[in-house]
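Given next are the chains, with one letter for each unit.
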Amino acid sequence: MSFKVRDKVVIITGGSSGIGLELVKLFLAEGAKVAWCGRNQEKLQSTFDALSAEYDANQMFIHHCDVLNKQQVADYVALVIEKFGAIDMLVNNAGQGKVADFFATEEQDWVDELKLKVFSVVNMVNATLPHLKQSDIASITNVNSLLGLKPETHMVATSVARAGLLNLSKNLANELVKENIRVNSILIGLVESGQWRRRFEERSDQSKNWQEWTAHVAAKKQIPLGRLGKPEEAAYALLFLASPLSSYTTGSVVDVSGGLSKEI
Ligand code: NDP
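## Observations concerning the overall build of the protein chain
Step number 1: Of regular secondary structure, the protein chain possesses 8 helices and 7 strands.
Step number 2: In terms of C-alpha radius of gyration, the protein chain reaches 18 Å, essentially the compact-globule figure of 18 Å for 264 residues.
Step number 3: Projected onto the principal axes, the alpha-carbon positions of the protein chain cover approximately 50 × 40 × 40 Å.
Step number 4: For the protein chain, with 264 residues in total, the buried portion stands at 49%.
Step number 5: Within the protein chain, residue pairs in contact and separated by at least 24 positions form 73% of the contacts whose partners lie at least 6 positions apart.

## Observations regarding the domain arrangement of the protein chain
Step number 1: The domains assigned to the protein chain are domain 1 (9-191 + 230-256) and domain 2 (192-228).
Step number 2: Taking the mean C-alpha position of each, domain 1 and domain 2 sit 25 Å from one another.
Step number 3: With 14 residues of domain 1 in contact, the opposing surface of domain 2 contributes 12 residues.
Step number 4: Linking domain 1 to domain 2 there are 3 salt bridges.

Criteria and cut-off values
Residues numbered from 1 in each chain as written. Predicted model: local features only at pLDDT ≥ 70, side-chain atom pairs only at ≥ 80, totals over all residues. Heavy atoms only, no water. Helix = DSSP H or I, 4+ residues; strand = E, 2+ residues; numbered from the N terminus. Rg over C-alpha atoms; globule rule 2.2 N^0.38 Å. Buried < 20%, exposed > 50% of the residue type's maximum accessible area, 1.4 Å probe, protein only. Contact = heavy atoms within 4.5 Å. Domains from an automatic or database assignment. Salt bridge = Lys/Arg side-chain N within 4 Å of Asp/Glu carboxyl O.

Below, the structure is given as structure tokens:
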């Protein structure tokens, strides 16, 4: 079965690591033209070099871009158009979470979290919209977190910001349907990626290795599937939602949390 994205153009923000990088690989394997960004050019270059061994370099485009910087976003989108001539799909994935409860969350933390979760999408949507409008398969797919529905006190600002993104995604779906642009999201639970690698490096109990430590986290969180998700497991859902295979789906939210969301 084909995802019908051969020669179509996708932008994936935060493509240099974790979920974003797995999605880059899936789209390349499907024959799409893939542009990915992150803030760190060296990280991007090493992903590009590694993937060049397997895929045609003409299918790939990297350039550093902070999705919170409107000028960089405008420049980045212009470069993608220069390279590929069109944009069919946008996947808003860039970001990270903030671990802090209410009392440990400073005013600037609130501003930073809300800005990251909302403007990472607003800036990219504004810049790509004129091009998405010209595509016959246009889609926007947002990586979001189960925290948007199930807030956790130790990540208060992230939970609030994620709920905001959930609302924004629905709003965009309702508004952009008249332009034939579908907008969907995934809600992830705990996925093994750069964020969890960083937390592993900073762990208090250094006696546990990666497998033991993630198994402990999964048990503590009572994840029904008994483990953290793999980045590619989130990427599969994103590929489906971004591609024409989900052509009758907009405004939807796919749960990729290992059963963590137990409510209907
Ligand atoms: P990673 O840390 O592995 O990847 C994050 C990517 O985003 C990197 O490529 C990073 O590159 C990029 N990035 C971060 N900030 C910006 C920015 N301002 N502008 C452009 N690029 C940026 O983490 P994940 O794969 O886990 O994260 C993917 C998404 O999933 C994030 O939005 C995250 O919040 C969300 N998520 C992840 C969960 C998990 O358990 N892993 C749980 C809930 C949500 P660089 O640093 O070079 O900019």
